[in-house]
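# Tertiary structure, described
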Amino acid sequence: MIWNNYKSIIQPIDLSKITSQNIQLSILREDLIHSEISGNKYRKLKYNFLEAEKLGFNKIITFGGAFSNHIAATAAAGKEYGFETIGIIRGEELANKIEENATLRFAKNCGMQLYFISREEYRKKEENSFIESLNNKFPNSYVVPEGGTNSLAIRGCKEILHENCTEYDFIATAIGTSGTIAGLMESAKPHQQILGFPSLKGDFIQNDIENLTKKRNFTIFNEYHFGGYGKVSEELINFVNYFKQTNQIQLDPIYTGKMVFGIFELIKNHYFSEYSKILMVHTGGLQGIEGMNQQLKKKNKITIE
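Residues numbered from 1 in each chain as written. Predicted model: local features only at pLDDT ≥ 70, side-chain atom pairs only at ≥ 80, totals over all residues. Heavy atoms only, no water.

## Things to note about the nonpolar core
Formally: The criterion is simple. A nonpolar core is a set of buried Ala, Val, Leu, Ile, Met, Phe, Trp, Tyr and Cys residues joined through side-chain atoms within 4.5 Å. Three labels apply to residues, based on accessible area from a 1.4 Å probe with only protein chains included: buried if under 20% of the type maximum, exposed if over 50%, partly exposed otherwise in between. Strands are runs of DSSP state E lasting at least 2 residues, helices are runs of H or I lasting at least 4, and numbering of each runs from the N terminus. Whether two residues touch is decided by their heavy atoms; if any such pair falls within 4.5 Å, the residues are in contact.
The biggest cluster of nonpolar side chains holds 35 residues, and the ones touching the most others in it are Leu-25, Phe-197, Ile-263, Phe-272 and Met-280. The set of elements that each furnish at least two residues to this core consists of strand 2 (24–29), strand 7 (170–175), strand 8 (193–198), helix 9 (234–247), helix 10 (256–268), strand 10 (277–282) and helix 11 (289–298). Top contributing element to this core by residue count: helix 10, with seven residues. Discounting chain neighbours no more than four positions away, the residues touching Ile-263 are Leu-25, Ala-172, Leu-195, Phe-197, Phe-272, Ile-278 and Met-280. Core analysis: the second largest hydrophobic core is formed by 29 residues, Ala-75, Ile-89, Leu-104 and Tyr-142 among them.

Following this line, the structure appears as structure tokens:
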């Protein structure tokens, strides 16, 4: 089973319309490393799949919601590398809506077995008794946590930065389950500061990160989540569309779109000093756009182009 150690390309971003400061902004195109196991999900799954193979497992169990990038990527990885995959999906009501949900339909078409549970039961996903019940139901299975974050995922995310990234002073990333930012913190050079933009609402992110790494080379910006996970606004959608029109780069509205919006706001507000060099990590997640647009259309809202 061969998983590549991709070195993502770096693309410059034109800042001439938003600042007169001499600031260099670029984006690391992790979204391009694989067409279906995209961005940070490739990094997180790499060593988990290798470990599962090493231990002799032939099934992967993992967890996620209706539009989970992790569910889609795990299903695609299972298809590519010959593993059965079982997705434990939050929300029993989704069982009859697979075909109208782009993420779940994709996962099913990749061969993933979808197992729907209530939100109350889903909250038990990290309890030993619940994991044991899953192992009894699906024997010979390797369990990957929600979002893919564990020590093996962090090991994979340490491979995001490469030698062409060392010139940058700041590395910016979106935050979900904190595995990506922990990996970046572990691999960053001493002069680099990691900037994190949570897509979830809450003050727990700092503790999550500190539980994953002993490094403290990070700053969190909690004001760009747009209401929390899965929440967007017309302002954010307009920005994602503007960024695509001006840079020919598609952003997702759940993670990277919020991070890039935050970076632009910080630049406008003169957070960065003259001659700063900033690298934004594009963590993929573009598969979720179809589902988001479906929701926006139902509300007669502007959609992602």
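Back to the text.
## A closer look at the packing of aromatic side chains
The criterion, for reference: Two rings from Phe, Tyr or Trp (for Trp, the six-membered ring) form a pair when their centres sit within 6.5 Å of each other. Planes less than 30 degrees apart are called stacked, planes more than 60 degrees apart edge-to-face, and all others tilted.
Using the criterion set out here, one finds 22 aromatic pairs in the structure. For the ring pair Trp-3 and Tyr-81, a centre distance of 4.4 Å and an interplane angle of 20° mean the geometry is stacked. One end of the pair, Trp-3, is in the segment before strand 1 (10–13); the other, Tyr-81, is in helix 2 (residues 69–81), and 78 residues separate them in sequence. The two residues Trp-3 and Tyr-81 agree in class, both being buried. Judged by centre distance (6.0 Å) and plane angle (45°), the ring pair of Phe-197 and Tyr-224 falls under tilted. In this pair, Phe-197 sits in strand 8 while Tyr-224 sits in the loop between strand 9 (218–220) and helix 9, placing the two residues 27 residues apart along the sequence. With a relative accessible area of 10%, Tyr-224 lands in the buried category.

## Quick word on the packing of helix 9 against helix 10
Cut-off, in case you're wondering: Angles run from 0 to 180 degrees between N-to-C directions of axes, and those axes are lines fitted to C-alpha atoms, restricted for helices to the stretch in contact. Throughout, the term roughly parallel applies to angles under 35 degrees, roughly antiparallel to angles over 145, roughly perpendicular to angles from 65 to 115, and oblique to all others. Each residue gets one label: Ala, Val, Leu, Ile, Met, Phe, Trp, Tyr, Cys and Pro are nonpolar, Asp, Glu, Lys and Arg are charged, and the others, such as Gly, are polar.
Two elements in contact, helix 9 and helix 10, have axes separated by 10 Å at closest approach and are oriented at 85°. One finds that helix 9 runs roughly perpendicular with respect to helix 10. Facing Glu-235, Leu-236, Phe-239, Val-240 and Phe-243 of helix 9, the residues of helix 10 in contact are Gly-257, Lys-258, Val-260, Phe-261 and Phe-264. For the contact of helix 9 with helix 10, the class distribution of residues is seven nonpolar, one polar and two charged.

## Some details on the sheet that holds strand 9
What counts here: The pairing criterion for strands is at least two bridges between them, as found by DSSP.
The sheet built from six strands is open, its strands ordered 1-2-10-7-8-9 with mixed pairing. On the outer flanks of this sheet lie strand 1 and strand 9, each paired with one strand and no other. Across the sheet, the mean angle from the axis of one strand to that of its neighbour is 25°, orientation sign disregarded. In this sheet, strand 9 lies alongside strand 8 in parallel orientation, the contact comprising three bridges. Bridge pairing links Gly-196 to Ile-220 in strand 9. Along the sheet, helix 8 (residues 205–212) contacts strand 7, strand 8 and strand 9; its crossing angle with strand 9, the most-contacted strand, is approximately 160°.

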